[in-house]
Amino acid sequence: MKKLRTFVFINVLCLSIFGSVCSVQVEAEETGSMEVAEGSDPELKTLEEAGVSETETLKDVVISEDMQVLQENDTSVIIPMDKYAKHLSVDDIRMENPYNDLKNLKLPAQITRQGDYYFIVDTYNDQVLYASDLWKPIGAWRVMDRKLNKPHAIASDGSMYLVVDTDNNRVVCYEYINGRFQRTQQFEDVGKRPHYIQYDALSESFFVWSSVTGDMYIIKKEPVQNTMYIQEIRHIYELDGFYVRSFSIEGDEVLFPSGNNGYMIVADKDTLRVKARYQVPMEISGMAFAKKIGSYYYMTVSTDDKLNHENARMIRTSDLETLSLGIYENVTGYFKDMKVPYYIDRMNGSYYVTSHESKKCVYMFNIAGDVIKDVQTVH
């Protein structure tokens with residue numbers, strides 16, 4: 001294991017004369033500011049506080065002189081951590097979680113099935129809901145937790161349930177104990193605005209994405225005591241300082257949607273070394289999610305590069321290279337009244353997508369032979 005000297009990487013993303021994305025590293029100071037535009041993404045204010053600019057191209061990554069580096073390459077670095085979660089007290093009284101008393105979902109980011117329950121991450125109600133029946137009215141769902149700050153996603157290995165508590169820069173761990181979900185552990189200071197989490201059964205790891213630092217936190221569980229710990233951080237240099245909302249594990253690769261960097265990334269799952277970049281038009285650069293389904297890549301577009309929702313849509317393409325030419329299929333019309341699509345999940349053989357700023361918040365759909373069919377509104 002080697003030590004990495006103190007350095008500052010500044011990534012200036014440019015377009016070569018051949019139209020491909022290149023990365024140039026120079027020494028400079030980070031600059032940039034952000035103005036909050038009326039009618040823009042409600043997360044814009046939070047991003048401003050986190051110090052992210054919508055036009056920012058100068059990024060820095062500072063590695064301390066004594067920091068141990070597990071593996072480094074030209075685009076990423078792995079930093080070992082072994083940081084353990086803080087254990088929380090558990091109530092021994094047997095009781096159930098309360099029913100949801102809020103009439104409407106408010107900008108839900110995710111609907112997913114984890115273990116025996118369905119979960120809705122109800123982001124702007126600052127809560128996570130769960131139910132054993134997907135089709136129950138929203139008032140019949142129970143509140144897993146409402147002491148959160150803009151949570152965006154949940155994942156589970158079957159016994160431990162982890163929620164990214166985005167605007168608290170925290171990951172909260174839950175277990176089903178004494179008839180209800182209870183907080184049992186938590187991690188503080190998990191990057192800036194941890195935005196998405198996925199459990200990878202093959203490596204028995206939770207992948208947690210810090211949306212504005214380019215850091216993927218790898219969280220594992222000790223088999224005997226069930227203690228959660230951060231094994232390492234996998235850092236992509238060129239995404240530090242850009243707002244990238246999520247990722248999708250696709251076999252031995254990780255697919256990142258475009259953020260205000262203006263291009264998508266395919267990286268190696270084990271190292272996050274960048275394998276490919278795909279430029280996208282700026283009007284669809286604020287993607288929320290990207291996933292390969294059948295022969296197509298499906299992408300939900302939340303905002304443009306300035307975090308405005310005017311170009312929100314759901315699109316797909318069989319070839320990511322065509323996105324730079326503005327060639328893709330807009331499939332939003334399949335989903336009546338869809339406004340701002342967000343995360344896509346697969347449950348029970350069907351796909352589900354959430355939507356913001358509309359009365360219809362959750363859609364179910366099937367794909368057979370690359371044909372979208374059986375679209376229904378769930379909530």
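What you see is a predicted model, and the numbers here were worked out from it, not measured in a lab.

## Re the overall build of the protein chain
Regarding its fold elements, the protein chain presents 1 helix and 33 strands. Buried positions account for 57% of the 379 residues belonging to the protein chain. Considering only contacts in the protein chain between residues 6 or more positions apart, those separated by 24 or more positions represent 51%. Total accessible area on the protein chain stands at roughly 16100 Å², and carbon and sulfur atoms take up 46% of it.

## Focus on the packing of aromatic side chains
Per the stated rule, a full pass over the model turns up 22 aromatic pairs. On the basis of an interplanar angle of 80° and a centroid distance of 4.8 Å, the ring pair of Tyr130 and Phe181 is categorised as edge-to-face. A residue pair is termed long-range when its members are at least 10 positions apart, and Tyr130 in strand β12 (residues 127-131) and Phe181 in strand β17 (residues 180-187) qualify at 51 residues. Of the two residues, Tyr130 and Phe181, neither departs from the other in class, the shared state being buried. Their ring planes at 50° and their centres at 5.5 Å tell us that Tyr196 and Phe289 sit as a pair that is tilted. Of this pair, Tyr196 sits in strand β18 (residues 194-200) while Phe289 sits in strand β26 (residues 286-293), and the two are 93 residues apart along the sequence. Neither Tyr196 nor Phe289 differs from the other in exposure class; each is buried. These aromatic residues form a ring-pair network of at least three members: Tyr196, Trp209, Phe247, Phe256, Phe289, Tyr342 and Tyr343. Directly above the aromatic system of Tyr99 lies the positively charged group of Arg142, at a separation of 3.9 Å from the ring centroid. Sitting over the face of the ring of Tyr296, Arg316 holds its NZ or CZ atom 4.1 Å from the ring centroid.

## Let's talk about the pattern of salt bridges
If you walk through the whole model with that rule in mind, you get 16 salt bridges. A salt bridge links Asp337 to Lys360; the nearest nitrogen and oxygen atoms lie 3.6 Å apart. Taken together, the residues Asp337 in the loop between β29 (329-330) and β30 (340-347) and Lys360 in the loop between β31 (350-356) and β32 (362-368) connect sequence positions 23 residues apart.

## Quick notes on the sheet that holds strand β23 (residues 253-256)
Across a sheet, strands are paired by hydrogen bonds formed along the backbone, either parallel or antiparallel in direction. Taken in spatial order, the 4 strands line up as β22-β23-β24-β25 in an open sheet, and their pairing is antiparallel. Since the sheet does not close on itself, it has two edges, and those belong to β22 (248-250) and β25 (274-279), each with one partner. Strand-to-strand twist in this sheet, taken as the mean axis angle between neighbours without regard to direction, amounts to 20°. Of the pairings in the sheet, the one linking β22 to β23 comprises 3 bridges and is antiparallel in character. Within β23, the position partnered with Ile249 by the bridge is Val254.

## A closer look at the sheet that holds strand β28 (residues 313-317)
As summarised here, the arrangement of the 4 strands in space is β26-β27-β28-β29, forming an open sheet in which the pairing is antiparallel. At either end of the open sheet lies a strand with only one pairing partner, and these are β26 and β29. Note that strand β27 (residues 296-303) and β28 share 5 bridges and pair antiparallel. Pairing of Tyr298 across the sheet is with Arg316, part of β28.

## Structural notes on unusual backbone geometry
In this structure, Lys150 is a non-glycine residue whose phi angle is positive, near 55°. Along the chain, the position of Lys150 falls in the loop between β13 (142-145) and β14 (153-156).

## Re the pairing of strand β24 (residues 263-268)
Counting buried positions along β24 yields 5 of 6 residues, so the element is predominantly enclosed. Hairpin connection from β23 to β24: 6 residues lie between these consecutive antiparallel strands, with Gly262 at a positive phi of about 90°. Direction of pairing for β24 relative to β25: antiparallel, over a ladder of 5 bridges. Looking at the pairing, Val266 lines up with Ala276 of β25.

Reading the values: rules and limits
- Residues numbered from 1 in each chain as written.
- Predicted model: local features only at pLDDT ≥ 70, side-chain atom pairs only at ≥ 80, totals over all residues.
- Heavy atoms only, no water.
- Helix = DSSP H or I, 4+ residues; strand = E, 2+ residues; numbered from the N terminus.
- Buried < 20%, exposed > 50% of the residue type's maximum accessible area, 1.4 Å probe, protein only.
- Contact = heavy atoms within 4.5 Å.
- Areas by Shrake-Rupley, 256 points an atom, 1.4 Å probe, with all protein chains shown as cover.
- Phe/Tyr/Trp six-rings, centres within 6.5 Å; stacked < 30°, edge-to-face > 60°.
- Lys NZ or Arg CZ within 6 Å of the ring centre and 35° of its normal.
- Salt bridge = Lys/Arg side-chain N within 4 Å of Asp/Glu carboxyl O.
- Pairing = 2+ DSSP bridges.
- Axes fitted to C-alpha atoms, helices over the stretch in contact; angles between N-to-C directions.

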